[in-house]
Amino acid sequence: QQQQQQLTQNADHSKRVITCCFSPNKKYVATGSADRNVVIWDYSEASIKHVLKGHSGWVQSVIFSSDSQLLASVGDDTTVRIWDVNSGTAISVFSSHTAEVVACAFTMDNSQIISGSINGVITKWHIRTSQSTWKIDHPSKVYDIAVTPVANVFSDNCAAGSHFVVGDGDGNLSIVNSSDGSLIKTFDAHSAPVNQICFSKNAKYLVSSSDDKSAIIWKVELGELNIVKLQTFYHANGVTGCGITSSGFVVTVAGGFWKEGDEEITDSGDSTLRIWDGKSSSNPYLVFCAESQLFCVAVQGERLICGNKKGKTYFLQAFLAGGDGKYSDE
């Protein structure tokens with residue numbers, strides 16, 4: 001089996017990189033940091049396109065629209081900000097949340113944004129008017145939101161984006177109706193808060209990562225309101241990020257930490273990025289160790305990005321010539 005190749009590393013955040021994502025058109029990467037800034041990178045050059053300033057607290061989540069024209073960022077300052085990717089200018093700021101906003105997702109037509117905060121409030125907003133379509137109170141703190149990427153995921157004859165999954169502070173995964181915010185079904189998934197959730201490309205699988213030091217791969221029973229636990233992968237620390245490669249490998253990052261005021265407290269020990277082929281729940285296929293504690297990861301095809309405590313963003317290419325992963329949905 002061949003090892004992963006590190007393409008480059010860049011440090012243009014002055015503090016921990018908390019969140020990262022790829023653009024759907026494969027041209028850009030976005031990172032958000034405890035330094036309160038968002039950076040848009042040109043992926044092919046690993047160079048900075050824009051530094052976006054405006055948040056007055058930690059940036060907790062970033063995500064591109066499906067057409068790669070917009071970027072959303074949310075943070076501890078309780079705001080949701082929409083940016084034009086080409087110009088780097090702010091388009092809209094939503095400021096009706098009353099607690100830290102830690103999760104966001106675009107609707108499939110990119111006209112609205114769904115945002116969730118640690119007080120359990122989830123809101124769906126119109127980007128142009130800044131008016132809310134609906135607001136709900138989730139039973140627990142909201143930690144992540146993932147919109148269904150294709151049609152017919154949780155029911156037959158439903159469009160892509162008709163539902164989204166919430167990962168919450170009680171360790172649950174919940175299926176929610178995107179049109180009205182109604183809670184449809186909840187699954188007892190983890191024994192601690194869920195940090196990240198993501199679908200595979202064609203939504204046959206879902207991965208969740210948690211402070212309970214595990215990541216779980218779930219089978220999505222297409223056309224039904226159900227997910228089935230398939231396998232659990234373990235770290236020595238809380239698992240802060242996860243993803244699935246196009247060849248079916250599960251990717252996880254452990255870098256547990258928490259905040260006390262403006263200070264961050266870091267778990268010692270495991271802070272690795274691990275790639276799992278599904279043959280073992282405790283022995284990863286590959287391990288990547290950075291010079292400082294890793295925290296976030298994003299996956300697109302076989303490309304990986306991750307960020308560490310010192311503000312560095314790593315651009316990685318995973319060459320997995322030793323075989324296919326167990327969970328390919330191609």
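Keep in mind that this is a model prediction, so the values were computed, not measured.

Rules behind the numbers
Residues numbered from 1 in each chain as written. Predicted model: local features only at pLDDT ≥ 70, side-chain atom pairs only at ≥ 80, totals over all residues. Heavy atoms only, no water. Helix = DSSP H or I, 4+ residues; strand = E, 2+ residues; numbered from the N terminus. Contact = heavy atoms within 4.5 Å. Areas by Shrake-Rupley, 256 points an atom, 1.4 Å probe, with all protein chains shown as cover. Lys, Arg positive; Asp, Glu negative; His and termini not counted. Charge placed at Lys NZ, Arg CZ, Asp CG, Glu CD. Pairing = 2+ DSSP bridges. Axes fitted to C-alpha atoms, helices over the stretch in contact; angles between N-to-C directions. Buried < 20%, exposed > 50% of the residue type's maximum accessible area, 1.4 Å probe, protein only. Polar contact = N/O pair within 3.5 Å; in protein donor to acceptor, adjacent residues only side chain to side chain. Salt bridge = Lys/Arg side-chain N within 4 Å of Asp/Glu carboxyl O.

*Asks:* Quick question: what am I supposed to make of the overall build of the protein here?
*Replies:* Secondary structure summary: the protein contains zero helices and 30 strands in total. Taking the principal axes of its C-alpha atoms as reference, the protein extends roughly 50 × 45 × 35 Å. In the protein, once contacts between residues fewer than 6 apart in sequence are set aside, the share between residues at least 24 apart is 48%. Total accessible area on the protein stands at roughly 12800 Å², and carbon and sulfur atoms take up 44% of it. Between the mean site of the 26 positive side-chain charges and the mean site of the 33 negative ones, the protein shows a separation of 3 Å.

*Asks:* What should I look at first to understand the sheet that holds strand 27 (residues 286-288) in this one?
*Replies:* Think of a sheet as strands paired side by side through backbone hydrogen bonds, with each pair either parallel or antiparallel. With antiparallel pairing, the four strands of this open sheet are ordered in space as 22-23-26-27. Two strands lie at the open edges of the sheet, namely strand 22 (239-244) and strand 27, each paired on one side alone. Between one strand axis and the next, the sheet turns through 15° on average, direction left out of account.

*Asks:* How should I be thinking about the sheet that holds strand 17 (residues 183-188) in this particular structure?
*Replies:* The sheet built from four strands is open, its strands ordered 14-15-16-17 with antiparallel pairing. Because the sheet does not close on itself, it has two edges, and the strands there are strand 14 (142-147) and strand 17. The average angle at which neighbouring strand axes cross in this sheet is 20°, direction not considered. As paired elements, strand 15 (residues 163-168) and strand 16 (residues 172-177) share five bridges and run antiparallel to each other. Following the sheet pairing, Gly167 is matched in strand 16 by Leu173.

*Asks:* For this particular structure, what's the right way to read the side chain of Asn195?
*Replies:* The residue Asn195 is located in strand 18 (residues 194-199) in this model. Accessibility expressed as a relative area gives 19% for Asn195, which makes it buried. Polar contacts involving the side chain of Asn195 include one to the main-chain carbonyl oxygen of Val239, which spans 3.0 Å. Leaving out residues up to four positions away in the same chain, Asn195 has contacts with Tyr143, Asp144, Ser209, Ser210, Asp211, Val239 and Thr240.

*Asks:* Explanation requested: the pattern of salt bridges in the structure shown.
*Replies:* Side chains that carry opposite charge are capable of pairing whenever their charged atoms lie near each other. Inspection of every chain in the model, using the stated rule, returns one salt bridge. A salt bridge links Asp77 to Arg81; its shortest N-O distance comes to 3.9 Å. Given the relative accessible area of 14%, Asp77 is considered buried.

*Asks:* Any chance you could explain the pairing of strand 19 (residues 205-210) here in plain terms?
*Replies:* It is a general feature of regular strands that their side chains alternate between the two faces of the sheet. Most of strand 19 sits inside the fold, with six of its six residues counted as buried. Side chains Tyr205, Val207 and Ser209 project from strand 19 onto one buried face, and the interleaved Leu206, Ser208 and Ser210 project onto a second face that is buried too. Bridge count for strand 18 against strand 19 is five bridges, and the pairing is antiparallel. Within strand 19, the position partnered with Phe199 by the bridge is Leu206. Bridge count for strand 19 against strand 20 (residues 214-220) is five bridges, and the pairing is antiparallel. In the strand pairing of strand 20, Tyr205 is matched with Lys219.

*Asks:* Hey, could you run me through the environment of Thr272 in this one?
*Replies:* Among the structural elements, Thr272 can be located in the loop between strand 25 (263-266) and strand 26 (273-276). Spatially, the C-alpha atoms of Thr272 and Leu294 are 6.4 Å apart, while their sequence positions differ by 22 residues. Discounting residues that sit within four places of it in the chain, Thr272 has contacts with His235, Thr252, Val253, Ala254, Val287, Phe288, Cys289 and Leu294. Within polar-contact distance, the side chain of Thr272 engages the side chain of Arg274 at 3.0 Å.

*Asks:* Looking at this structure, how should I read the side chain of Asp329?
*Replies:* Relative to the helices and strands, Asp329 is located in the segment after strand 30 (312-317). One buried charge, Asp329, has no salt-bridge partner; the nearest side chain with opposite charge is Lys204, at 6.3 Å. Here Asn202 takes part through its backbone nitrogen, which lies 2.8 Å from a polar atom of the side chain of Asp329. Of note is the side chain of Asp329, whose polar atom sits 3.4 Å from the backbone nitrogen of Ala203. If we skip the residues at most four places from it in the chain, Asp329 touches Ser200, Lys201, Asn202, Ala203, Lys204 and Tyr205.

The values reported here are purely geometric and, on their own, carry no functional implication.
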